[in-house]
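The residues making up each chain are set out below.
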Amino acid sequence: QVQLVESGGDLVQAGGSLRLSCVASGIDFSRNAISWYHRAPGKQRELVATIGAGGDTNYGASVKGRFTISRDNAKNILYLQMSSLKPEDTSVYLCNYVNWTRGGPVYYWGRGTQVTVSS
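Residues numbered from 1 in each chain as written. Predicted model: local features only at pLDDT ≥ 70, side-chain atom pairs only at ≥ 80, totals over all residues. Heavy atoms only, no water.

J.: Can you help me understand the pattern of salt bridges in this one?
T.: Think of it this way: side chains of opposite charge can pair up when their charged atoms draw near. In this structure the tally under the stated criterion is two salt bridges. Between arginine 31 and aspartate 28 there is a salt bridge, with its nearest N and O atoms 3.6 Å apart. On the accessibility criterion, arginine 31 (66% relative accessible area) is exposed. Between aspartate 89 and arginine 66 there is a salt bridge; the shortest N-O distance is 2.8 Å. Placement of aspartate 89 in the loop between β8 (77–82) and β9 (91–101) and of arginine 66 in the loop between β6 (57–59) and β7 (67–72) is noted, with a sequence separation of 23 residues between them. With respect to burial, aspartate 89 and arginine 66 carry one shared label: buried. (Salt bridge = Lys/Arg side-chain N within 4 Å of Asp/Glu carboxyl O. Buried < 20%, exposed > 50% of the residue type's maximum accessible area, 1.4 Å probe, protein only. Helix = DSSP H or I, 4+ residues; strand = E, 2+ residues; numbered from the N terminus.)

J.: Mind showing me how you'd approach unusual backbone geometry here?
T.: With glycine set apart, most residues show a phi of negative sign, and most peptide bonds adopt trans. Unusually for a residue other than glycine, asparagine 76 sits at a positive phi of about 55 degrees. Overall, asparagine 76 belongs to the partly exposed group, its relative accessible area being 23%.

J.: Just checking my understanding: could you explain the packing of aromatic side chains for this structure?
T.: Any two aromatic rings considered together are summarised by their centre-to-centre distance and by the angle between their planes. For the structure on display, the rule yields two aromatic pairs. Ring centres of tyrosine 37 and tryptophan 109 lie 5.0 Å apart, and the angle between their planes is 75 degrees; on these two criteria the pair is classed as edge-to-face. One end of the pair, tyrosine 37, is in strand β4 (residues 34–39); the other, tryptophan 109, is in strand β10 (residues 104–109), and 72 residues separate them in sequence. Using a relative accessible area of 28% as the deciding quantity, one classes tryptophan 109 as partly exposed. Seen from the ring of tryptophan 109, arginine 45 lies directly overhead, with NZ or CZ sitting 3.9 Å from the centre. Its end group placed over the ring of phenylalanine 29, arginine 71 keeps NZ or CZ at 4.7 Å from the ring centre. (Phe/Tyr/Trp six-rings, centres within 6.5 Å; stacked < 30°, edge-to-face > 60°. Lys NZ or Arg CZ within 6 Å of the ring centre and 35° of its normal.)

Spatial relationships are all this shows, so hold off on functional conclusions.
Have a look at this one:
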């Protein structure tokens, strides 16, 4: 059974930093890409960052240069280091894993962790 459990969200002032964690179980963590998304109130989920099995990374335009995604394959943990936070970063941040099956992609999501940035 796939489980993704996020933590680390908090209330922080603009310009501050946070580190989010996502503990994954039930997947072959080291062999798969895994991502962070965010879901702001009243908006669709948007990609924040993805890290591939080989450590290659991809970032959404709004976070490039401020956020860093990383992974610890020994502990099955995905991280998101967030710096220079802005009020518009306020959102629920979710961990995402996609299992590509013969029947198509199967998406797994954590419950999310709330990040609130005050101005």
